[in-house]
Amino acid sequence: MDEWIIYKCVIGSRAYGLDTPESDTDYRGIYLPPADRHWSFAGVPEQIESDERQECFWEIEKFLSLALKANPNVLECLYTPMVEKMTPLAEELLAMRSAFLSRLAYQTYNSYVLSQFKKLDANAPKWKHVMHLIRLLLTGITVLEKGIVPVRVEAYREQLLAIRKGEIAWVDINRWREELHTRLDKAFVETTLPARPDYDRVEAFLLKARRTMVNVS
């Protein structure tokens, strides 16, 4: 398995700049299996996880599919500054990471946060989760405004950690959230991102990656 990993990075609190002494180190990445293994009856899993090692690796097609859908967790992998392994193929992928960004980001960031806050209104808030929901809104705004995925959020570290500690009143958190939704709506109207990601470019990359693993045992 390790020899199939083409990209390994750190996401989560340590990558965001929101870590505390108790924070785990969360690893994510991409693996590319040999063609024979991929074509066999055994096949390959879409993702491989290890709770013990705090790791999750996506098979390359699954990763690219999620990134094309503007999945926030996957997009962060392409922009995190904490990279532990990167093959030349992964370098090529990161060089074309803007191909995944589109106006679909508005839906994924906005809708998820709205749905989660509706649930939180009916239940006792889990403050760490609330912190990350606010972080997602801040991230989504920058994606639409600047065409990049900001992973580190040190500028908001104090406020976000205060939310995590339960030090900010729920009414104040909701007020901030509503302000961020308004900013996100404005960013969506004004964004220069395309309506859809560059599917053709990403598919060409996937085919190239698959070809490199033909006759590799």
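An account of the accompanying structure is given in this report. Bear in mind the structure is a predicted one, so any value in this text is a computation, not a measurement.

All right, on to helix α3 (residues 60-68) then. All of the buried residues along α3 are Ile60, Phe63, Leu64, Leu66, Ala67 and Leu68. For α3, the capping residue at the N-terminal end is glutamate 59, with a side-chain oxygen 3.0 Å from the backbone nitrogen of glutamate 61. Looking one or two residues past α3, alanine 70 carries a phi angle of roughly 65 degrees, positive in sign.

Taken together, five strands build an open sheet; the order of strands is β3-β4-β2-β1-β5 and the sheet is mixed. Of all strands in the sheet, those bounded by a partner on one side alone are β3 (47-50) and β5 (83-86). Strand-to-strand twist of the sheet, defined as the mean angle between neighbouring strand axes without regard to direction, takes the value 15 degrees. As paired elements, β3 and strand β4 (residues 55-59) share four bridges and run antiparallel to each other. Paired with isoleucine 48 across the two strands is phenylalanine 57, which belongs to β4. Against the sheet, α3 makes contact with β1 (5-11), β2 (26-31) and β4, and its axis sits at roughly 90 degrees relative to β4, the strand it touches most.

Running from N to C, helix α5 (residues 88-95) and helix α10 (residues 199-212) cross one another at 180 degrees; their axes reach a closest spacing of 11 Å. Here α10 runs roughly antiparallel to α5, going by the angle between their axes. Each of Leu89, Glu92, Leu93 and Ala95 in α5 lies in contact with α10, whose residues at this interface are Arg201, Phe205, Lys208, Ala209 and Thr212. A breakdown of the residues in the contact of α5 with α10 according to their chemical character gives five nonpolar, one polar and three charged.

As enumerated under the stated definition, the model contains six aromatic pairs in all. Ring centres of tryptophan 4 and tyrosine 31 lie 6.4 Å apart, and the angle between their planes is 20 degrees; on these two criteria the pair is classed as stacked. Here tryptophan 4, found in the segment before β1, pairs with tyrosine 31, found in strand β2; they are 27 residues apart in sequence, far enough to count as distant. Across the pair, tyrosine 31 and tryptophan 4 agree in class, each one buried. Here the guanidinium or amino end of lysine 8 rests over the ring plane of tyrosine 27, the centre of that ring lying 4.6 Å away. Here arginine 97 stacks its cationic end above the ring of tyrosine 79, 4.1 Å away from the centre of that ring.

Tracing the backbone through its elements, the reader meets glutamate 55 in strand β4. By relative accessible area, which is 10% here, glutamate 55 ends up buried. Considering only alpha carbons, one finds glutamate 55 and valine 10, 45 residues apart in sequence, at a separation of 9.3 Å. Those residues in contact with glutamate 55 that lie beyond four places of it in its chain are Lys8, Tyr27, Arg28, Ile48, Glu49 and Ser50. A polar side-chain atom of glutamate 55 sits 3.4 Å from a polar atom in the side chain of lysine 8.

Take unusual backbone geometry next. In this structure, alanine 70 is a non-glycine residue whose phi angle is positive, near 65 degrees. In this structure, alanine 70 sits in the loop between α3 and α4 (72-79). Taking relative accessible area as the criterion, alanine 70 reaches 1% and is therefore assigned buried.

When the charged atoms of two side chains lie near each other, side chains of opposite charge can form a pair. Under the defined criterion, the tally for this structure stands at 10 salt bridges. The residue glutamate 59 makes a salt bridge to arginine 210 at a minimum N-O spacing of 2.8 Å. With glutamate 59 in strand β4 and arginine 210 in helix α10, the pair connects residues that are 151 residues apart, well separated along the chain. Since its relative accessible area comes to 4%, glutamate 59 is described here as buried. On the accessibility criterion, arginine 210 (18% relative accessible area) is buried. The salt bridge partner of glutamate 61 is arginine 210, with a shortest N-O separation of 3.0 Å.

Below, the discussion takes up the pairing of β4. In summary, the side chains of a regular strand alternate between the two faces of the sheet. Within β4, five of the five residues are buried, which leaves the element mostly enclosed by the surrounding structure. Alternating residues of β4 divide into Glu55, Phe57 and Glu59 and Cys56 and Trp58, and every residue in both groups is buried. The sheet contact formed by β2 and β4 spans five bridges and is parallel. In the sheet register, arginine 28 faces β4, and the bridge partner there is cysteine 56. Hairpin geometry of β3 and β4 is characterised by an intervening segment of four residues between the two adjacent antiparallel strands and by a positive phi of about 55 degrees at glutamine 54.

The rules behind the values
Residues numbered from 1 in each chain as written. Predicted model: local features only at pLDDT ≥ 70, side-chain atom pairs only at ≥ 80, totals over all residues. Heavy atoms only, no water. Buried < 20%, exposed > 50% of the residue type's maximum accessible area, 1.4 Å probe, protein only. Helix = DSSP H or I, 4+ residues; strand = E, 2+ residues; numbered from the N terminus. Polar contact = N/O pair within 3.5 Å; in protein donor to acceptor, adjacent residues only side chain to side chain. Pairing = 2+ DSSP bridges. Axes fitted to C-alpha atoms, helices over the stretch in contact; angles between N-to-C directions. Contact = heavy atoms within 4.5 Å. Parallel < 35°, antiparallel > 145°, perpendicular 65-115°, else oblique. Nonpolar A, V, L, I, M, F, W, Y, C, P; charged D, E, K, R; others polar. Phe/Tyr/Trp six-rings, centres within 6.5 Å; stacked < 30°, edge-to-face > 60°. Lys NZ or Arg CZ within 6 Å of the ring centre and 35° of its normal. Salt bridge = Lys/Arg side-chain N within 4 Å of Asp/Glu carboxyl O.

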